[in-house]
Amino acid sequence: MRKLAVTLAIVIPVACLLGVLLYNLPPVQARLGWRVEALWADVKYAIKPPEKQVFVPAPTRTASATLIPLFSPTPTIALTTPEPATTPISTFTPTMVPTPLPEKAVLSGIAHMYQTWNNCGPANLAMALSFWGWKGNQSDTAAVLKPNNRDKNVMPYEMEAYVEEHTDLQAVVRTGGELDVVKAFLSSDFPVLVETGFEGANFDGWMGHYQVVSGYDDARQVFYVQDSYKGPNQAIAYEKFQRDWRAFNFTYLVIYPFERRQQMLDVLGLQAYDNFNNHYSAQKALEDTATLSGRDLYFAWFNRGSSLVALKDYANAAQAYDTAFANYAQIPEAERPWRMMWYQTSPYWAYYYTGRYQDVINLATQTLDAMSEPVLEETFYWRAQAQLALGQNEAAIQDLQQCLVAHEEFQPCVDGLKGLGLDP
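Criteria and cut-off values
- Residues numbered from 1 in each chain as written.
- Predicted model: local features only at pLDDT ≥ 70, side-chain atom pairs only at ≥ 80, totals over all residues.
- Heavy atoms only, no water.
- Buried < 20%, exposed > 50% of the residue type's maximum accessible area, 1.4 Å probe, protein only.
- Helix = DSSP H or I, 4+ residues; strand = E, 2+ residues; numbered from the N terminus.
- Contact = heavy atoms within 4.5 Å.
- pLDDT = per-residue confidence, 0-100.
- Arc of directions from axis to C-beta.
- Salt bridge = Lys/Arg side-chain N within 4 Å of Asp/Glu carboxyl O.

Draft legend 1. Region of the structure containing helix 3 (residues 120–130). The element helix 3 is extensively covered by neighbouring structure, given that eleven of its eleven residues are classed as buried. Taken together, the buried positions of helix 3 are C120, G121, P122, A123, N124, L125, A126, M127, A128, L129 and S130. Of the surrounding secondary structure, the elements contacted by the buried residues of helix 3 are helix 4 (138–145), helix 5 (156–166), strand 3 (192–198), strand 4 (207–217), strand 5 (222–227) and strand 7 (252–256).

Draft legend 2. Quick peek at the confidence of the model for the protein. Scored by pLDDT, the protein comes out at a mean of 86, with 80% of its residues at no less than 70. Per-residue pLDDT stays below 50 along residues 63–92; that stretch engages in 81 contacts with residues further than four places along the chain or on separate chains.

Draft legend 3. Here's a closer look at helix 4. What helix 4 keeps buried is the set Q138, T141, A142 and L145. Along the long axis of helix 4, the arc covered by the buried residues comes to 100 degrees, so they all point the same way. When the buried face of helix 4 is taken as reference, the exposed residues oriented beyond 90 degrees from it are S139 and A143. For helix 4, the secondary structure elements touched by its buried residues are helix 3 and helix 5.

Draft legend 4. Molecular detail of the pattern of salt bridges. Using the criterion set out here, one finds twelve salt bridges in the structure. Measuring nitrogen to oxygen at the nearest pair gives 3.9 Å for the salt bridge that ties K104 to D217. One end of the pair, K104, is in strand 1 (residues 104–106); the other, D217, is in strand 4, with 113 residues separating them in the sequence. By relative accessible area, which is 8% here, D217 ends up buried. Close ionic contact of R356 with D359 constitutes a salt bridge, the shortest N to O distance being 2.8 Å. Considered together, R356 and D359 belong to a single accessibility category, that of buried residues. Look at the salt bridges and you will find they share partners, linking D322, R356 and D359 into a network.

Draft legend 5. Inspection of the environment of V225 at higher detail. Within the secondary structure layout, V225 lies in strand 5. What makes V225 buried here is its relative accessible area of 0%. Among all residues touching V225, those that are not within four sequence positions of it are Q211, V212, V213, S214, G231, P232, N233, Q234, I236 and F241.

Dropping the structure here:
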């Protein structure tokens, strides 16, 4: 019996270790990872339903708090904010000659890819790149965009950086998109990658999604999209497309070769200017707040806040977010987009730069609690920022370290720990 006990004491830990190593192999993760996560999510959400949680801002500035300048309060890579420039993205001057749009345009040459588990962003970027002859696949983009395959989100700025740094192509990200702008790009032979809201029968509730728009047909009043989840050549009615797109401030990304830069700028027109684009998006969101209701109204106020953050108008942005969250509480629970903060970080900017550090902490904590597994590096980063501002250094250190577990070598968190005299 003693020999058996000794054997078991050795075999069981070794077997557990081998099981963990085997489970974390990419092929195994692709087949089983999503099932395990879905099961754990079901258990966690049954105990604490995320749709019942409502963030209630406490708009009181922490006047007594002193920001400890241990590291830059602005990340070394932009988390959500474009460069606050008044110059265009190129030395080229966009022309303003309106061109009549054809009634239909459909692009070919986009290699459709069904996304692997939790790989929407990398899959859609790979599809958009394929139009320009890029030979990679979603594994190549994911290796850079999602070093942790459990990461719930890829930001548009991360996609833009991937194109600029890992291909011979260029990219531009804009907000406040219009249907005619998408059509203009398509009729000029530019696919458009959009960030949009998404709901389906096989998962619980609303979530963020990417799609590559490849065509449109005015007679049918539809866009054609390459959808990494639903399949190729999906037809989406203009009205539904616009409603879903609103959830992400009408954000779009266009990839182009340098020799077609002038043509791309001509389509953008004044939207080529960062400052104009941000003001335009802020005004568009404000106009939406006067006509919408329910969940759409929440999105409109949220978009208003995000555009004001891009303009560094943090005080008015914070007020817009306060209004958005107040409207969120009025949305029926079954319709609440409770995953919203998985994909957005601008509220942290607004509350942090108006001295509302506790709101940053509360919002970040609620966001992490609403996940089956807390793997949002940006959320850990911002909570650490606010904790440092309140002198909660030990808690901040833990969050910065957890940030690097979620995303190894995430530069803002690396710099944060170095600023505290710690080795990342």
